[in-house]
Amino acid sequence: QKEKPGSAARRTGESRGPAKKVNTGAASRLDRLNTLKQLRQQKQEEILSRKRLGAEHDDDRSAPPKVVAVIAFHTQADTVSLKRQIMVACGATPEEAAALPPHQPAAAVLPPFAQGGPGCAKPRILVVDPPRDLLAVLDVVKCADVVLAVLGPHASLEDPSFDEQGYRLLTALKAQGLPVLIGAVHGTSDAMAMVSNKKAADSKKFVLRYFASELGADTKLFQAQSAEEVKALVRALGGATPKELSWRGDRGYLLAQDMEYSSTEGVLCLRGYVRGPGLSCKHLVHLTGHGDFAIQKIVVLPDPCPLSVPRGSGMDAQVSERVVDQLQHESDLDTQKLRPYDPTTAEQTWPSAEELGEDAKMMPPPKVPASRRRGGMGTVPAPARADGDEEDDAAMGDEDGGDSDQDGTPSVAPSGTAETDDGWDVSSNMTMEVPSAEVVAAERKRRVEMLERSQEDMEFPDEVDTPLDHPARERFQRYRGLKSFRTSPWDPYEDLPVEYSRIWEFEAFASTARAFRRQFEEDCYSLEGGGVTALYCAIYVRGVSPQVLEAQPRGVPFVLSNLYPCEQKVSVMHTTISRHREYKEVIKSKQEMALHCGFRRLTARPTYSEIPKKSSSCKKYKFMRFLHEDTVACASFYAPVVFPPSRIMMFATTPAGPELVASGSVDGVDPKRLIIKRIALTGYPFRVHKAKSVVRFMFFTPADVRWFKPVELSTKKGLRGHITDSVGTHGYMKCRFSNHIKQDDTVLMNLYKRSFPKWYPPAWGGAQDATPENA
């Protein structure tokens, strides 16, 4: 057998050529460059992780604990037991874990096996298990960094892993914006006893399938029954990288771990970790679900969950109780929500004919400025340092208010506790009495009529019947004709209502928002020690009434967030929303809804309008009488200002609790936005000759025909025309069209008027019966 070439040389140790020299200097230089690159990446990851956890500073203070919201999506899931087992895995004794009360936040330092790699800077967690209530879950997840979705151990085709309340919670959380989500299977002892060994494998497959179908196949799902499985879950919690939510990224907020209330002084003390840029006594704060308040003082407290080995110079060990900010003068805070009512703004004086004649020789008459027009708005000036960025009358009533035209029957059941046979709420807002049979019958009749009107609006949009007993020129005197809905001009300051004299307008909304954000950050960082972000603090909120504590659900922590300047002022908010398919009831414009705008929670009566598809110099939004299914619309309402970005969710009250109706995002504030209501008067050809026709049933008197003669006509088959003359005494009229008209065509006359949102003071904490004059 022949040897391979070179084998003999290798066997004898001989070399075929000189050895290749290695440049050790170049190799060490590459190693140094690679090491520096890795250190930079670790530093960047650490800074990003700290910012995601709410620590905006780059000093030696530790990042706040990672907030883990433990949510049960099925009645079989046991969140209290899982929270206690997580505490045991983090080093707590079984006795200490068993003493933890339900729904109480618990902080712990992660064990070494769960602290992650270098640069993670997140060695602590704060575990919160809110009750299975929609509002409680949404409030906690607003501040959460990780959502731990807990499912029961049993699932099948008949019994899915998410029960009805679980699906409702999941839909609302997706609409609000989910942080990082991790799944866990942990049930009660009774639920575990129900699963036999034979069905355990099948149940596990069903649970995994339901979880993956709702939350994606990439989302991790852990079994959390034994101690070792809980340790694996804790390791995943420690290694999870928080996701930044844009709507809360620039705001300071606090999830209260403890609270104390002084009824004599009306001061509420909230203790917890401050996140985001921080908080300052120079700015108002918002208690989610309760309103706007002022901070009396901010006190930094010793950390109740210190790290075993302090970072850097040990700043955590040196922090003692100290006051870092205090409200000096209450007059420094701008708490004004509405502009003062001035009845003279509605007055206009015009010179007489003699005065005009005398002054005509000297100078032309002056123009009436926009600020003196009826109901002129207050203007918030643009900041000096801003950058260069720039009802259906048949359904809504004559004054865009209540229902009046077709039936005149208002709703008799806004909300309450009593229900009809089909499970709908019909009791009064003011009493808790069970309604009578007449009230129940009226509510059923109202619901049927609303459904019929909604279906009619979809089939015959904007069509209105001309009244027989009232002249059309008086009935529709507020309306006008337009040559083109998209391009025809419309003065946004024309004939404003009294409500507009009480609200605020911004000269440059986007620039003002940016300037106020910078101002807030500067005020927070100017405090002693560089601010209170990432520190455990006590926030003393003044002016809190005892009703606030009574209204706060038991077991739900308070959520405190900052307000930028002017965010307490009332204006016209505009949002873009899309309706959810799960809600099947009729949604009418100006119907009362519960809204969640970021950290805010309020009630309002939104007005819906179609979003223009094409741009123009005079953009108009067409009023929508109903929010139909699979519709994206603009919702407008009076409310305190919310600077975007911010999510919005719309809820309706049902017997099962709040149900998500629509969700979207906040566009901003613009009282000048034109929401135009269109109605279409219909007539039918009586006699036809080429492009001429005699049309009837649009009007019923010759005076009405002459009144509306200048308005252009159109047909459903695309023709355009105009009225030439009146015929007879019954409202018949001669018309000429752009082409031959057919006998089966329908003649339309489109009329327009501007619609305004519904005045609703409860949106900013006012009385429901307050008028624009006395609000």
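Everything that follows concerns the structure shown earlier in this document.
The structure displayed is predicted, hence computed values, not measured ones. (Residues numbered from 1 in each chain as written. Predicted model: local features only at pLDDT ≥ 70, side-chain atom pairs only at ≥ 80, totals over all residues. Heavy atoms only, no water.)

Caption draft 1: Examining the overall build of the protein chain more closely. Helices and strands together make up the secondary structure of the protein chain, namely 17 helices and 31 strands. Sorting the 775 residues of the protein chain into buried and exposed places 49% on the buried side. Within the structure as shown, the protein chain displays about 38000 Å² of accessible surface, and the carbon and sulfur contribution to it stands at 51%. (Helix = DSSP H or I, 4+ residues; strand = E, 2+ residues; numbered from the N terminus. Buried < 20%, exposed > 50% of the residue type's maximum accessible area, 1.4 Å probe, protein only. Areas by Shrake-Rupley, 256 points an atom, 1.4 Å probe, with all protein chains shown as cover.)

Caption draft 2: Structural view of helix H3 (residues 79-89). Along H3, the residues that are buried comprise Thr 79, Val 80, Leu 82, Lys 83, Ile 86, Met 87 and Ala 89. The residue sitting at the N-terminus of H3 and contributing the capping side-chain oxygen is Asp 78; that oxygen lies 3.4 Å from the backbone nitrogen of Val 80. The first or second residue beyond H3 is Gly 91, which carries a positive phi of 115°. (Polar contact = N/O pair within 3.5 Å; in protein donor to acceptor, adjacent residues only side chain to side chain.)

Caption draft 3: Looking closely at the packing of helix H5 (residues 134-142) against helix H6 (residues 164-176). For the pair H5 and H6, interaxial distance at closest approach is 10 Å and the crossing angle is 35°. Where H5 crosses over H6, the two elements pack in a sense that is right-handed. Within the contact between the two elements, H5 uses Leu 134, Val 137, Leu 138, Val 141 and Lys 142 and H6 uses Gln 165, Arg 168, Leu 169, Ala 172, Leu 173 and Gln 176. Across the contact of H5 with H6, the residue classes break down as seven nonpolar, two polar and two charged. (Axes fitted to C-alpha atoms, helices over the stretch in contact; angles between N-to-C directions. Left-handed = near helix turned anticlockwise from the far one by under 90°. Contact = heavy atoms within 4.5 Å. Nonpolar A, V, L, I, M, F, W, Y, C, P; charged D, E, K, R; others polar.)

Caption draft 4: Focus on the pairing of strand E27 (residues 692-696). As paired elements, strand E26 (residues 674-689) and E27 share five bridges and run antiparallel to each other. In the sheet register, Pro 685 faces E27, and the bridge partner there is Val 695. Count of turn residues in the E26/E27 antiparallel hairpin: two residues, of which Lys 690 carries a positive phi of about 55°. Here E27 pairs with strand E30 (residues 732-737) via four bridges, running antiparallel. Residue pairing in the sheet places Ser 693 in a bridge with Cys 735 of E30. (Pairing = 2+ DSSP bridges.)

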